[in-house]
Structures are given as C-alpha cells and as structure tokens.
Amino acid sequence: MSKQHIRVTINGTVYEDDVEPRTLLVHWIRDGLHLTGTHIGCDTTSCGACTVIVDGKATKSCTMLAVQADGREVMTVEGLEQGGKLHPMQEGFHQMHALQCGFCTPGMMLTSIAFLSRNPRPSEHEIRVAISGNLCRCTGYVNIVKAVQYAAEKMASSEQVPIGAGQGGE
Amino acid sequence: MIPGSFDYVVAHSVPEAVGLLEQHGDEAKILAGGHSLIPLLRFRFASPSVLVDINRVADLEYLREAQGMLHIGALTREAALDTSSLIATRYPILLDTSVGVADPVVRNWATVGGNIAHADPANDHPATMLALNASVVATGPGGERVIPIEEFFTDSAFETTLKPNELLTEIRVPGPTERSGGAYFKLERKVGDYAIAGVAAYVTLDGNGLVTYAGIGLTNVGPHPIKAHDASNSLLGKPLDDTTIHQAADLAAAAAQPNSDDRGPAEYKRGMVRTLCVRALRKALERATGGK
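Thresholds, definitions, all that
- Residues numbered from 1 in each chain as written.
- Chains lettered and ligands numbered in written order.
- Predicted model: local features only at pLDDT ≥ 70, side-chain atom pairs only at ≥ 80, totals over all residues.
- Helix = DSSP H or I, 4+ residues; strand = E, 2+ residues; numbered from the N terminus.
- Rg over C-alpha atoms; globule rule 2.2 N^0.38 Å.
- Buried ≥ 20, exposed ≤ 12 C-beta atoms within 10 Å, placed from the backbone.
- Contact = placed C-beta atoms within 7 Å.
- Nonpolar A, V, L, I, M, F, W, Y, C, P; charged D, E, K, R; others polar.
- Domains from an automatic or database assignment.
- Pairing = 2+ DSSP bridges.
- Core = buried A, V, L, I, M, F, W, Y, C linked by C-beta atoms within 7 Å.
- Axes fitted to C-alpha atoms, helices over the stretch in contact; angles between N-to-C directions.
- Parallel < 35°, antiparallel > 145°, perpendicular 65-115°, else oblique.
- Left-handed = near helix turned anticlockwise from the far one by under 90°.

### Points about the overall build of chain B
Logical step 1: The secondary structure content of chain B amounts to 12 helices and 12 strands.
Logical step 2: A globule of 292 residues ought to have a C-alpha radius of gyration of about 19 Å, and chain B, at 19 Å, matches this closely.
Logical step 3: For chain B, the spread of C-alpha atoms along the principal axes amounts to about 55 × 45 × 30 Å.
Logical step 4: Of all 292 residues assigned to chain B, the portion counted as buried reaches 53%.

Now the structure itself:
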C-alpha cells in the first residue's frame, strides 16, 4: 500500500505531496497542508462543513480521496479573500449576520459560490435548494439566504467573475 | 474515520478498467462518484484491497437518445440529470428521481451507474428503472452484454448479477411513446436521507385510455429493489381511474416488505407505499395525457 505522488492546485498554489491512497481530501488539506478553514463536521457526507470547490464543483471533501484530486484545482475558504479584500460572499455573510458559531460558514460559502457561478440570479427557493446539503444549527438559514442574495447582487452589479467559477452542474 | 489501506489505480478507459478487474478479481472495487463507497470504507464496512477509479473515463458521461432509447453513460452525474432539458422534457420521472438523491453537493459527483450498481434497496434509481423496464449494459473481457434491470438485481441487498470482471457502462431507458408517462414520489425525513418509502410508476395508454403497459417500482421497503408485478398487471387493459389506481396501490403496498426502524413502523411504511403509489399513478396519468 505504497504512497502516491499527487500535485494539486489549491487557491492558485501548486502543492505536491506523497499520500496514502486512503487519505481523505479533507484530512490532507487540514493536516497535511494546515489549511484548517475547511471543517470536519459529521464525517458521514451529511453536513457539508467540509465543502470545497473541485474543478468548479462544490464537493464534500470528506468523501473524496486526496489521490482523486491529483491534477485538479481546488478552492478552499482561504482562497476567497484577495489582497485584503473580502469576497462578496464573505462580505454578504458579514453584512447579513449569516453566522453565529461559524462552523458551517466555509462550506456554506463555497457551496454558494459554486452555485452562483452557474445561476447568478437565483430565486430564494433556488438558494434554499442549493444549500440544502449544508447544515447550519445556529441561524435557521434566514440570514444565510440573505447573504447569498447580497453576494449575488454584488457580483452581478460589479460583473466580477467569482473566484473558482466553473460549471457546477454538468 | 479513516479507511483501511488499499491500493489505488486510475483507469483511463473502459478496457483498462476491465483489465484491472480481471487482474484483481474480487479484491477490487470500482470507484465512481464514491458517495456510497467512501463512507463504507470510512466505516470499514468494506475493505477492498484495490480501488479502480473510473472518474477519468470521460466517454462514460453522456445522455443521448438513439434507436428509440435514452442511453445514460454509467458515470453520468446526478447533477447532469438535474439540469438537462432533455430529461426535464422527455423523462420527467428521471428528474423526479435525481433531485431526490442525497443533496445537491453530493449530486455533483454521485453517478447514475453507481446508484444502480450499488444495489442498495434504499437508492432511488433502482425503483425508477424497474418501473421503466430499463436495461443495463455490462462490459467485460468478452465485450458487452445487455441485462434487463429485473435480472440485474438479486434477492439480496448490495448484490447484482455483474461478474467480478464486469463494469456497468450504460443504462438504457425505453424512449417515451405516445400517451406514456411516469413519476417518482419519495417520502424522506429530511434532505439527504434515504427514503422512508418511494414509489416509481410508469404507464402507457392506448387511444381509448386503456393501460397497455404499467410498471411500479418500490424504494427502501424490502431487502432489495422491488418491482410490484401484481400491482402493475392489475392495470393492464383498464382505464386509470380512482378505482383501478387504488386497487393497484393496495397491491403495491402488499408487495412491500418493510421493516420497522427509526424511519417508522412497518405498517406506516406500507401505508406510505399505498399513498405514494396513488400519487405516482395520478401524476403518471397526467403526464401521459399531456400534462407536465
């Protein structure tokens, strides 16, 4: 069961490592690379706290092997802020008080960013469906939905291409 | 939770994947979307010594109609069904099914082939494929063979008639004919949970509104995906009205073999099969007669 060499671009930086095939992507990101903004919640593919964006698709990183990410592009919460400026999604979560404990927030934001990249002007219902695989136990989701709406408006008006945008659906 | 150790090999083509299965036999598992397999590995319910990753076999992801059938590449993601206008307009029963699978983030990777090949009676596509009378294509060292969906599942959960050196490569769904329609109804406790019960129904009517084909499949109410034959047969040659729909629903409930568990007592689940079957048949009728 030898280690395998992988090369993964995370937030624009190329990381190379030798990993055991059984290493989950989330464990490699957190323990191997010390990017601890990606959280582990349920460990059963239910809660979405570990969501990152892989090649444009929101992905539960507890349910992907690190070796599967070889050659792929990953975005984590650490990649959102650019040059001291918050991503519109982060700004929306701040402005709309969309978090209390903050544990679900990185996954919630990355799911929402991947979603807006293919549906830039969603209805409230579409937002609620899109984040239905990400659990929040504090807010009751109302302010999270407002934050995503805030980000959608801001991103549409500034015509800023969301970082890590890609085809999430097909 | 960390899986036990295994070797990992990427297959770039179907023949390469089949060759790896030939080489490793029972010891190998195919890794597609991984959203059933990786949790099983983490809980150590499965401990294959080799994973054959087929995610990079690009020509296994497609949805196309040809020869009167819908051909679904086994690696087609659920998210592709969710967003396909072909599926929404011509195969709404498949859209009903895909949007109920797990949650939208899971559906970015989860595959239709995996949902079927895993043969979990709690998975949603098996019931729908049974209702549709679909077939699957298995590719092995000797080439392809087509397996009717009913012969693909066995009496045991998580077991299929695929051979250890065969890969599920395609699902074939009969194309919609005039006056045909279907629907899938799933009752779940919350997004992402397995069904408490699910019912898929598909019907074809003749010019007088009499049923010439009926298929009814059940999710998560027995040890394997269930085709409710008596319920389907009871409709043949009859109009779909309140009486025939309720008779079929009673027979579907009788075909269910649910267990009591934390999703509810067996009798409740049986009752839900009856209710969902009525709804699925009404929706199927509506769609067969021109509704959405």
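### Here we look at the interface of chain A and chain B
Logical step 1: Counting residues at the interface gives 28 residues for chain A, matched by 28 residues for chain B.
Logical step 2: When contributions to the side of chain A that touches chain B are tallied by element, the ones reaching two or more residues are strand 4 (57-60) and helix 4 (124-130) of chain A.
Logical step 3: If one sorts the elements of the side of chain A that touches chain B by residue count, strand 4 of chain A sits on top with 4 residues.
Logical step 4: Looking at the side of chain A that touches chain B residue by residue, the classes come out as 8 nonpolar, 14 polar and 6 charged.

### Side note on the domain arrangement of chain B
All names here are of chain B.
Logical step 1: Domain boundaries in chain B define domain 1 (7-53), domain 2 (58-174) and domain 3 (180-286).
Logical step 2: The centre of domain 1, based on its C-alpha atoms, is set 18 Å off from the matching centre of domain 2.
Logical step 3: The interface is formed by 13 residues belonging to domain 1 together with 19 residues belonging to domain 2.
Logical step 4: Examining the composition of the side of domain 1 that touches domain 2, we find that 5 residues originate from one element, helix 1 (residues 14-24), more than from any other.
Logical step 5: Here the residues of the side of domain 1 that touches domain 2 are counted per class, giving 6 nonpolar, 5 polar and 2 charged.

### Some details on the pairing of strand 1 (residues 7-10) of chain B
All names here are of chain B.
Logical step 1: Here strand 1 shows one buried face, formed by Tyr8 and Val10, and one open face, formed by Asp7 and Val9.
Logical step 2: Where strand 1 meets strand 3 (residues 50-53), 4 bridges bridge the pair, whose relative direction is parallel. In the sheet register, Tyr8 faces strand 3, and the bridge partner there is Leu51.

### Focus on the nonpolar core
Logical step 1: Residues Val199, Ala201, Ala252 and Cys277 of chain B are the most contacted members of the largest nonpolar core, which totals 148 residues.
Logical step 2: Excluding residues within four positions of it along the chain, Ala252 of chain B makes contact with Val199, Ile216, Leu218, Ala228, Ala231, Val273, Arg274 and Cys277 of chain B.

### Topic: the domain arrangement of chain A
Residue and element names in this part refer to chain A.
Logical step 1: Domain boundaries in chain A define domain 1 (4-78) and domain 2 (88-158).
Logical step 2: Taking only C-alpha atoms into account, the centre of domain 1 sits 21 Å from that of domain 2.
Logical step 3: Contacts between domain 1 and domain 2 engage 16 residues on the former and 13 residues on the latter.
Logical step 4: Mapped by element, the contributors of at least two residues to the side of domain 1 that touches domain 2 are strand 3 (51-54) and strand 4.

### Structural notes on the sheet that holds strand 8 (residues 167-174) of chain B
Residue and element names in this part refer to chain B.
Logical step 1: Sheet architecture is open: 5 strands sit in the order 4-5-8-6-7, paired in antiparallel fashion. Looking at which strands have only one partner, the edges of the open sheet turn out to be strand 4 (63-66) and strand 7 (143-148). Across the sheet, the axes of successive neighbouring strands diverge by a mean angle of 25 degrees, strand direction being ignored.
Logical step 2: In the packing of helix 1 onto the sheet, contacts are made with strand 6 (135-140) and strand 8, and the angle to strand 8 comes to roughly 125 degrees.

### Description of the packing of helix 2 (residues 88-95) of chain A against helix 5 (residues 142-158) of chain A
Residues and elements named next belong to chain A.
Logical step 1: Close contact between helix 2 and helix 5 brings their axes to 8 Å; oriented N to C, the two are set at 135 degrees. It follows that helix 2 is oblique to helix 5 by the angle criterion. Crossing angle aside, the handedness with which helix 2 passes helix 5 is right-handed. Residues Pro88, Met89, Glu91, Gly92, Phe93 and Gln95 of helix 2 lie in contact with helix 5, whose contacting residues are Ala147, Val148, Tyr150, Ala151, Lys154 and Met155.
Logical step 2: Of the residues assigned to the contact of helix 2 with helix 5, the class counts are 8 nonpolar, 2 polar and 2 charged.

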